[in-house]
Amino acid sequence: MSTILARAAARGEIAADRDWSLVADVLNAMCLQRVLNGQSVDAEFIRQVIDTIVLPALGIER
């Protein structure tokens, strides 16, 4: 995720002056928390996180 966001910043698709690794860290932490709670990390969960948290954090409307 960090690499994807860094490349998007390099292309000018998202602001280059922010630490986008934080977004990747939060996504990883959310997935780990679900696993520790005995929940699955499935495609639907990832879609919800991307649509609800990641894209808005990047300033992208979907």
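Below is a short write-up of the structure. Predicted, not measured: the structure shown is a model, and the values here were computed from it.

With that out of the way, let us pick up helix H3 (residues 43-58). The principal kink in H3, of about 40°, is found at Ile-50. Taken as a whole, H3 has its buried residues at Phe-45, Val-49, Val-54, Leu-55 and Leu-58. At its buried positions, H3 is contacted by helix H1 (2-10) and helix H2 (21-36). Looking one or two residues beyond H3, the residue adopting positive phi is Gly-59, at roughly 75°.

Under the defined criterion, the tally for this structure stands at zero aromatic pairs. One cation-aromatic arrangement involves Arg-34 over Phe-45; the distance from NZ or CZ to the ring centre is 4.2 Å.

Opposite charge on two side chains permits pairing when their charged atoms draw close. The full count for this structure, using the stated rule, is two salt bridges. Between Arg-11 and Glu-13 there is a salt bridge, and its shortest N-O distance comes to 2.9 Å. Judged by its relative accessible area of 51%, Glu-13 falls in the exposed class. Arg-47 is paired through a salt bridge with Glu-44; the nearest N and O atoms lie 3.3 Å apart.

Within the secondary structure, Thr-52 is located in helix H3. The exposure class assigned to Thr-52 is exposed, which follows from its relative accessible area of 58%. Separated by 16 residues in sequence, Thr-52 and Leu-36 place their C-alpha atoms 22 Å apart.

Definitions and cut-offs
Throughout this document, residue positions are counted from 1 along each chain, in the order its sequence is written. Local features in a predicted model are, by the rule used here, given only for residues with pLDDT of at least 70; side-chain atom pairs are given and counted only at 80 or more, and totals for whole chains, interfaces and linings are based on all residues. The side-chain quantities take in all heavy atoms of the structure and omit both hydrogens and water. To get the bend at a residue, fit one axis to the 7 residues ending there and another to the 7 starting there, then take the angle between the axes. Secondary structure elements are defined from DSSP: runs of H or I of at least 4 residues count as helices, runs of E of at least 2 residues count as strands, and each element is numbered from the N terminus. Remark: exposure states derive from per-residue accessible area (1.4 Å probe, protein chains only) relative to the maximum for the residue type, with buried under 20%, exposed over 50%, and partly exposed in between. Contacts are residue-level and defined by heavy atoms, with any inter-residue pair within 4.5 Å sufficient. Any pair of Phe, Tyr and Trp rings, taking the six-membered ring for Trp, is counted once the centres come within 6.5 Å. Such a pair is stacked with planes under 30 degrees apart, edge-to-face with planes over 60 apart, and tilted for the rest. In our convention, an over-ring charge means Lys NZ or Arg CZ found within 6 Å of a ring centre and within 35 degrees of that ring's normal. Think of a salt bridge as a Lys or Arg side-chain nitrogen and an Asp or Glu carboxyl oxygen that are within 4 Å of each other.

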